[in-house]
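The lines below spell out each chain.
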Amino acid sequence: QQQVKQSPQSLIVQKGGIPIINCAYENTAFDYFPWYQQFPGKGPALLIAIRPDVSEKKEGRFTISFNKSAKQFSLHIMDSQPGDSATYFCAASISGSSNTGKLIFGQGTTLQVKP
Amino acid sequence: DAMVIQNPRYQVTQFGKPVTLSCSQTLNHNVMYWYQQKSSQAPKLLFHYYDKDFNNEADTPDNFQSRRPNTSFCFLDIRSPGLGDAAMYLCATSRARTGWDYNEQFFGPGTRLTVL
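Only a predicted model underlies this, so the values are computations on that prediction, with no experimental measurement involved. (Residues numbered from 1 in each chain as written. Chains lettered and ligands numbered in written order. Predicted model: local features only at pLDDT ≥ 70, side-chain atom pairs only at ≥ 80, totals over all residues. Heavy atoms only, no water.)

Trainee: Just checking my understanding: could you explain the interface of chain B and chain A for this structure?
Mentor: The extent of an interface is frequently quoted as the accessible surface area lost upon association of the parts. Listed as interface residues are 23 residues of chain B and, on the opposing side, 26 residues of chain A. Between chain B and chain A, the buried area comes to about 1900 Å², and carbon and sulfur atoms account for 57% of it. For the pair chain B and chain A, the number of links is 1 salt bridge. Ionic pairing is found between Glu57 of chain B and Lys102 of chain A, a salt bridge with its closest N-O pair at 2.5 Å. The interface formed by chain B and chain A includes 4 residue pairs in polar contact (both at pLDDT 80 or more). (Contact = heavy atoms within 4.5 Å. Buried area = accessible area lost by both parts, 1.4 Å probe. Salt bridge = Lys/Arg side-chain N within 4 Å of Asp/Glu carboxyl O. Polar contact = N/O pair within 3.5 Å; in protein donor to acceptor, adjacent residues only side chain to side chain.)

Trainee: Looking at this structure, how should I read the nonpolar core?
Mentor: The tendency in soluble globular proteins is for nonpolar side chains to be buried as a group. Counting 26 residues, the largest nonpolar core has Val4, Phe30, Phe33, Trp35, Phe73, Leu75 and Tyr88 of chain A as the members making the most contacts within it. Mapped onto this core, the elements with two or more residues apiece are strand S2 (10-14), strand S3 (20-25), strand S4 (33-38), strand S5 (45-50), strand S7 (62-67), strand S8 (72-77), strand S9 (86-92) and strand S11 (109-114) of chain A. Setting aside residues up to four positions removed in sequence, Tyr88 of chain A forms contacts with Gln6, Ile21, Tyr36, Gln37, Leu47, Phe62, Leu75, Ile77, Gly108, Thr109 and Leu111 of chain A. Among the nonpolar cores identified, the runner-up in size contains 18 residues, and Phe47, Phe64, Tyr89 and Cys91 of chain B belong to it. (Core = buried A, V, L, I, M, F, W, Y, C linked by side-chain atoms within 4.5 Å. Buried < 20%, exposed > 50% of the residue type's maximum accessible area, 1.4 Å probe, protein only. Helix = DSSP H or I, 4+ residues; strand = E, 2+ residues; numbered from the N terminus.)

Trainee: I'm lost on the side chain of Gln6 of chain B in this one. Help?
Mentor: Residues and elements named next belong to chain B. With respect to the helices and strands, the residue Gln6 is situated in strand S1 (residues 4-7). Polar side-chain contacts of Gln6 include one of 2.9 Å to the backbone oxygen of Tyr89. Looking at Gln6, its side chain comes within polar contact range of the main-chain nitrogen of Cys91, at 3.0 Å.

Trainee: Sorry if this is basic, but what is going on with the environment of Leu45 of chain B here?
Mentor: Considering the arrangement of structural elements, one finds Leu45 of chain B in strand S5 (residues 44-50). Between the C-alpha atoms of Leu45 of chain B and Gln65 of chain B, which are 20 residues apart in sequence, the distance is 13 Å. With residues up to four places along the chain from it excluded, the contact list for Leu45 of chain B reads Lys102 of chain A together with Tyr33, Trp34, Tyr35, Glu57 and Thr60 of chain B.

Keep in mind these numbers describe shape, not what the thing actually does.
Below is the structure:
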């Protein structure tokens, strides 16, 4: 019940395409859903995060869509660029005061954007 | 710029030889986390400190220890590294553990550990 399942494992798109990465969870207590971007040899960096009381959040070319009833959320990258080639991790946590803020990560998606 | 710094970036040790990895932060965050990340896998939380309060994950081997002498620094000690401990070790910080606006985790660049 603590798992976050992420798909696909890898993704190749052409420049300008819109890659979509999907995540699903079981624990309805999760209330914080961040996406991290990680380049090879670097630490993950927070890209965008959403709370379950909204269905969509946009920051620049990155959009999170959230479906609370289906317990799914996804990342869309508009007008993808070769510089977006990286590994993307979704995550979930419980932000209540009795919890540790532990992030439960998905398995990761390696994205390659071809020029 | 405020940041999370990890030293060294690359560490080579011998099987069974103790090794210490360090993390420092200029963010003045209360929480510091240590993660282990193996190739093509998600980061796995080992433990975290909330101020001086140490919180170990149930499945973290006893071989892994941590120290936090002050707010800015946190150390990961691997007492007897095995071949299976070769990985990237990531330090992260957050202002708090809870509260939607305060639990964003900021990661350092990581230390790549090789065990020979």
